[in-house]
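Fold and geometry: a report
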Protein chains: 2
Amino acid sequence: MAHSRQLHLGAFMRPVSMHTGAWRYPGAIHDANFNFAALKRFAQKLEEGKFDAFFMADHLGVLNMPVEALKRSHTVTSYEPFTLLSALAGVTERIGLVATASTTFEEPFHVARRFASLDHLSGGRAGWNVVTTANPDNGKNFGYEDQPDHAARYARAREFYDVVTGLWDSFADNAFVRDAESGIYFDPDRLHVLRHKGAHFSVRGPLNIARPVQGWPVIVQAGASEPGRQLAAETAEAVFGAENTLEGAKRFYADVKDRMRRVGRDPGLLKILPAAFVVVGDTIEEARAKRAHLDSLVHYDSGIHSLSGALNFDVSGFDPDGPLPEIPETNASKTARDRLLEMARTQTLTIRQLAATAGSYAGLAFVGTPASIADDMEQWLYESGADGFNIMFPFLPEGLDLFVDQVIPELQRRGLFRTEYEGTTLRDHLGLPRPSNRFFD
Amino acid sequence: MAHSRQLHLGAFMRPVSMHTGAWRYPGAIHDANFNFAALKRFAQKLEEGKFDAFFMADHLGVLNMPVEALKRSHTVTSYEPFTLLSALAGVTERIGLVATASTTFEEPFHVARRFASLDHLSGGRAGWNVVTTANPDNGKNFGYEDQPDHAARYARAREFYDVVTGLWDSFADNAFVRDAESGIYFDPDRLHVLRHKGAHFSVRGPLNIARPVQGWPVIVQAGASEPGRQLAAETAEAVFGAENTLEGAKRFYADVKDRMRRVGRDPGLLKILPAAFVVVGDTIEEARAKRAHLDSLVHYDSGIHSLSGALNFDVSGFDPDGPLPEIPETNASKTARDRLLEMARTQTLTIRQLAATAGSYAGLAFVGTPASIADDMEQWLYESGADGFNIMFPFLPEGLDLFVDQVIPELQRRGLFRTEYEGTTLRDHLGLPRPSNRFFD
Ligand SMILES: Cc1cc2nc3c(=O)[nH]c(=O)nc-3n(C[C@H](O)[C@H](O)[C@H](O)COP(=O)(O)O)c2cc1C
Ligand SMILES: Cc1cc2nc3c(=O)[nH]c(=O)nc-3n(C[C@H](O)[C@H](O)[C@H](O)COP(=O)(O)O)c2cc1C
């Protein structure tokens, strides 16, 4: 089937992988968290596969978990995004570089400046994953006893975005004339002093950096709540979805694009990229066996912690090899909980079996052959569940290499993915226009 | 003369040069501010010359100057230090990378994390130039109407340093066991939660990154005031001096090292590196002619602004070709002012001539042949005016290339400078020990 649309692919990267068991998988690079040579190799391989972007998630602290689970986690410590992505900018040519930065615990001047700098360094490849930082413990690293509440975080995020984009527009694109003869370096009439004064920020400006190559780095968002979707509809150019069924993804897709229409934005200006965990095998059975092997590497102490978290009820005191006790109702998120309760009932699983499931990756997964994975992706694209995916590799380097060497060619054969980068910037890859400067034409 | 001691050399970099006229000099790369290829070439050339470090100064805003001077300035806009130095980390192997970060307008958690990340990315080459941000306008970009006062800035800086170094010590060096067999990634007994509560900061910790390769990135400082020197004596491992006579430098050197003894620190643990502007010629006359040519490229509008600033009195309304009027006494810094007044009197210079001097570089300069420059440096080292220098190149790439190709070999011939890097970290280059972890041995 010929598509006019093609997939957009981000790589949702943690150095060792998102999966809790991945570092124990045969061939894993145990120390990839602090092994720049490994990260460089991953980024260059993704670029060989013509990925739109290398995306780096981020948290502002060590996650709060019981020490028995914590000591088994390889995701707790790694590089900081601005520094890692800048280093990768120096050793890659085309791939986009999306860094996560918090609107709750950062200053807009610094954020505007660092993304502008990354955009200049990389020749227009920067993207900003705007997060409000949901983890309640992170605030304790920044002088807060309690996390600011959800609505307050989103109100601050909206104003933060206004300040950052306003600062990016400090200089007109043609401000720098650099005329050695007359000695004029830039045209002061093409400099705008922001003088922002709002409820959360007072920022004079101008930014001490030329307008980014892309005008603005690409705005990315991942909030799932009402205000999260609204912020995405008003501001985002790419959204990382977290739906794990096609039906849910279609509803999410339609909802966000509807919200865009209601605020007067063209829905084509935002790409929806659900996070997808992809395991590649020569046969579907082999892929499933790899995943089962990987899941088996999640230690019980990690799994039971995840299970208790998903159920919002501590089950660590019960017999691992017995059935799940009666679980009380909860006000917390129910998606993962209901799925686990359903599995426990229909498959009569023990606590140990449920812990293995809960501790491994529970979201959208495509586990199969290059052809079956391409079929799934094609369907999601075709049925407007996605404009592409934010791929999570189960283990590195193998999972990444198989994706680039086997799935990408299959997608290319079907006309679903580019065979060459057509432009040089992340906006080019995503098919997004360069924003005009609000102060200059 | 054989020395047991050798010079340490930093490169005090702005992409186009520190000198206001440099971008108009023949061969200058006008757009080096946003030309990563040029910066990469400069860093690699410095590494070929075995420099200890690439040092990047920083300001948190566009400097406040009259528009007639501002529009001629090439130093106003450029890359941000963490992003630039991280990108350079990816394309260099040995040279140290010193970034400026403000204790007044940053958060200690972010600063600790970014330097730790840069240190890991670069294999132990990071240094932190601790500044309190003297420019009163920068605060307006961070919600302050007025700059916090000098004493308050230094009190905050001292506590900021304690928090950052405490966070760097979050994990013992041997915390990460990564035992795939047992599934234990790190030893939780080798993790320390800081729980800092002080007058300025409340930071729980731990830092979500392993202890830096160097233990701590190298601490650099450049404050000249009483509290600045005291902070240096208590915390710094390298100081960028700003004295421009050997006599003054010797007093500064002795003062800072005395202060170290008084707080119980070994004076060998701090290297004093005055900033030095170096112009290389085949003859002394040629070097002077280059400098004169460079100075002549400073536009009158820039020069008169600098002259008024140095005198703390606006002289822009007077006849450029007439003499200086009577200048009232001032409470501002008098070093530059007194030198200019003395020049005006003894050499009967016009305002235009004085503006040319004030607008060009007025600090310590070595202008001559490789041999005469090496003589000067040798004397400063030998007479304990310096442990080395933070070199400013008058124009790029020529000034940098001449230094590496001609001055470095002359220093090497005299045994005053390394011919090969002996270690891999910035601490190795500077001859500084790796700090022990305050919470673990
Ligand atoms: C694919 C994906 C990636 C995310 N990455 C991050 C991240 O790197 N850092 C972060 O603090 N939150 C991250 N989040 C969390 C979201 O930013 C958001 O806080 C969360 O989805 C809750 O949404 P809400 O605050 O709108 O309820 C991510 C979410 C998704 C779905
Ligand atoms: C060689 C040198 C480099 C400096 N670099 C910076 C810099 O990059 N950013 C900055 O804000 N201040 C910089 N300064 C200024 C000092 O941090 C300090 O504010 C100034 O010397 C005044 O010192 P005081 O605050 O102790 O009076 C530098 C000073 C010198 C001598």
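As a reminder, the structure under discussion sits directly above these lines.
Keep in mind it's a predicted model, so treat the numbers as computed, not measured. (Residues numbered from 1 in each chain as written. Chains lettered and ligands numbered in written order. Predicted model: local features only at pLDDT ≥ 70, side-chain atom pairs only at ≥ 80, totals over all residues. Heavy atoms only, no water.)

**Here we look at the site of ligand 1**
Residues and elements named next belong to chain A. Around ligand 1, the surrounding shell holds 18 residues, and the nearest of these are Ala57, Asp58, His150, Tyr154 and Ser225. Here an oxygen atom of ligand 1 sits 3.1 Å away from a polar atom, N or O, in the side chain of His150. Within the side chain of Ser225, one N or O atom sits 2.4 Å away from an oxygen atom of ligand 1. Out of a free accessible area of 620 Å², ligand 1 has 82% covered by protein chains. (Near = heavy atom within 4 Å. Polar contact = N/O pair within 3.5 Å; in protein donor to acceptor, adjacent residues only side chain to side chain. Areas by Shrake-Rupley, 256 points an atom, 1.4 Å probe, with all protein chains shown as cover.)

**Thoughts on the interface of chain A and chain B**
Residue-level contacts link 73 residues of chain A with 73 residues of chain B. A combined buried area of about 6400 Å² lies between chain A and chain B, and 59% of that area is made up of carbon and sulfur atoms. Applying the counting criterion to the chain A and chain B interface returns eight salt bridges. Here Arg114 of chain A makes a salt bridge to Glu106 of chain B, at a shortest N to O gap of 2.9 Å. (Contact = heavy atoms within 4.5 Å. Buried area = accessible area lost by both parts, 1.4 Å probe. Salt bridge = Lys/Arg side-chain N within 4 Å of Asp/Glu carboxyl O.)

**Thoughts on the sheet that holds strand S11 (residues 271–272) of chain A**
Residue and element names in this part refer to chain A. Taking strand neighbours across the sheet as the criterion, the ten strands line up as S11-S10-S9-S4-S3-S2-S1-S14-S12-S13 in an open arrangement whose pairing is parallel. Two strands bound the open sheet, and with one partner strand each, they are S11 and strand S13 (365–368). As paired strands, strand S10 (residues 238–239) and S11 are joined by two bridges and run parallel to one another. Opposite Ala238, over in S11, you have Lys271 as the bridge partner. The strands touched by helix H3 (residues 81–89) within the sheet are strand S2 (53–56) and strand S3 (96–102), with S3 carrying the most contacts at an inclination of about 170 degrees. (Pairing = 2+ DSSP bridges. Helix = DSSP H or I, 4+ residues; strand = E, 2+ residues; numbered from the N terminus. Axes fitted to C-alpha atoms, helices over the stretch in contact; angles between N-to-C directions.)

**Some thoughts on the sheet that holds strand S1 (residues 8–13) of chain B**
Whenever strands of a sheet pair, they do so through backbone hydrogen bonds, lying parallel or antiparallel. All names here are of chain B. Spatial ordering of the open sheet is given by S11-S10-S9-S4-S3-S2-S1-S14-S12-S13, a layout of ten strands whose pairing is parallel. Since the sheet does not close on itself, it has two edges, and those belong to strand S11 (271–272) and strand S13 (365–368), each with one partner. For strand S12 (residues 275–280) and S13, the ladder comprises four bridges, and the chain directions are parallel. Residue pairing across strands places Phe277 opposite Ala365, the latter belonging to S13. Each of strand S2 (53–56) and strand S3 (96–102) touches helix H3 (residues 81–89); the most contacted strand, S3, lies at about 170 degrees to it.

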